[in-house]
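Analysis of the macromolecular model
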Amino acid sequence: QVQLVESGGGPVQAGGSLRLSCAASGFTSSLRCMGWFRQVPGKKREGVANIFVVDGRTYYADSVKGRFTISQDNAKNTLYLQMNSLKPEDTGMYYCAARYSAMGSCAIDGYEFNYWGQGTQVTVSS
C-alpha cells in the first residue's frame, strides 16, 4: 500500500511561483511513474507533469511546458512540482499520483495511476 500526501498549495498572484510537495510512504520501492494532476469543478482531471522514477525523465502537458518543473528526491521519498509564471488558468486542485506500471514511459495521458493523494488547492489570482 502507498500513501501520498500533498502540501504547498495556496493562493498566489498571477506571475508568481509556488512549489508543491508530495510525500510518499508505504511500499514505494516498486513505483515507476509519479505525476501531478489538476482538476477544477465541472472539468475532467488532467495530467500536468509526470516523471519516470527510475531515471528521472520528465513529461509535461503543453499548457505548462517551460513554466512547471517536476522533480523527485528519492532519499526523502518526495515528489515536487515547481510552478513558475503562474496563470489564472492554472487554478485547481492538484493531486499527486503514482503507479507501478511503466507502460507508456510515463507519458502524459498515458495509463491509469494506482494511488492518489488528497489534493492541495492552488488558486491563482490576477
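First things first, this report covers the structure right here in the doc. (Residues numbered from 1 in each chain as written. Predicted model: local features only at pLDDT ≥ 70, side-chain atom pairs only at ≥ 80, totals over all residues. Heavy atoms only, no water.)

Attention shifts here to the pairing of strand β7 (residues 68–73). Note: β7 against strand β8 (residues 78–83), 6 bridges, orientation antiparallel. Pairing of D73 across the sheet is with T78, part of β8. Count of turn residues in the β7/β8 antiparallel hairpin: 4 residues, of which N77 carries a positive phi of about 55 degrees. (Pairing = 2+ DSSP bridges. Helix = DSSP H or I, 4+ residues; strand = E, 2+ residues; numbered from the N terminus.)

What follows covers the side chain of R38. With respect to the helices and strands, R38 occurs in strand β4 (residues 33–39). Within the local environment of R38, its side chain forms a polar contact with the side chain of E46, the two groups lying 2.7 Å apart. Within the structure, R38 has its side chain in polar contact with the side chain of D90 (distance 2.9 Å). (Polar contact = N/O pair within 3.5 Å; in protein donor to acceptor, adjacent residues only side chain to side chain.)

Turning to the state of the cysteines, a few remarks are in order. The full count for this structure, using the stated rule, is 2 disulfides. Residue pairing for C22: its cysteine sulfur links by disulfide to C96, the two sulfurs lying 2.0 Å apart. Residues C22 and C96 share a disulfide whose torsion about the S-S bond is about -75 degrees; that sign makes it left-handed. With C22 in strand β3 (residues 18–26) and C96 in strand β9 (residues 92–99), this residue pair connects regions lying 74 residues apart in the sequence. The two residues C22 and C96 agree in class, both being buried. For C33, the disulfide goes to C106, at an S-S distance of 1.8 Å. With the S-S bond torsion at -80 degrees, the cross-link from C33 to C106 turns out left-handed. Placement of C33 in strand β4 and of C106 in the loop between β9 and β10 (115–116) is noted, with a sequence separation of 73 residues between them. Given a relative accessible area of 0%, C106 falls into the buried group. (Disulfide = S-S within 2.5 Å. Buried < 20%, exposed > 50% of the residue type's maximum accessible area, 1.4 Å probe, protein only.)

In total, this model carries 5 salt bridges according to the counting rule given. For the salt bridge of D90 with R38, the shortest nitrogen-to-oxygen distance reads 2.9 Å. Remark: R38 occurs in strand β4 and D90 occurs in the loop between β8 and β9; sequence separation between them is 52 residues. With respect to burial, D90 and R38 carry one shared label: buried. Between R45 and E112 there is a salt bridge; the shortest N-O distance is 3.2 Å. With a gap of 67 residues between them, R45 in the loop between β4 and β5 (46–52) and E112 in the loop between β9 and β10 connect regions that are remote in the sequence. Where salt bridges share partners, they join R38, E46, R67 and D90 into one cluster. (Salt bridge = Lys/Arg side-chain N within 4 Å of Asp/Glu carboxyl O.)

Below, the discussion takes up the pairing of β3. Where strand β1 (residues 2–7) meets β3, 6 bridges bridge the pair, whose relative direction is antiparallel. Following the sheet pairing, Q3 is matched in β3 by S25. The sheet contact formed by β3 and β8 spans 6 bridges and is antiparallel. When the sheet's bridge partners are listed, A23 is paired in β8 with T78.

These figures capture arrangement, not role.
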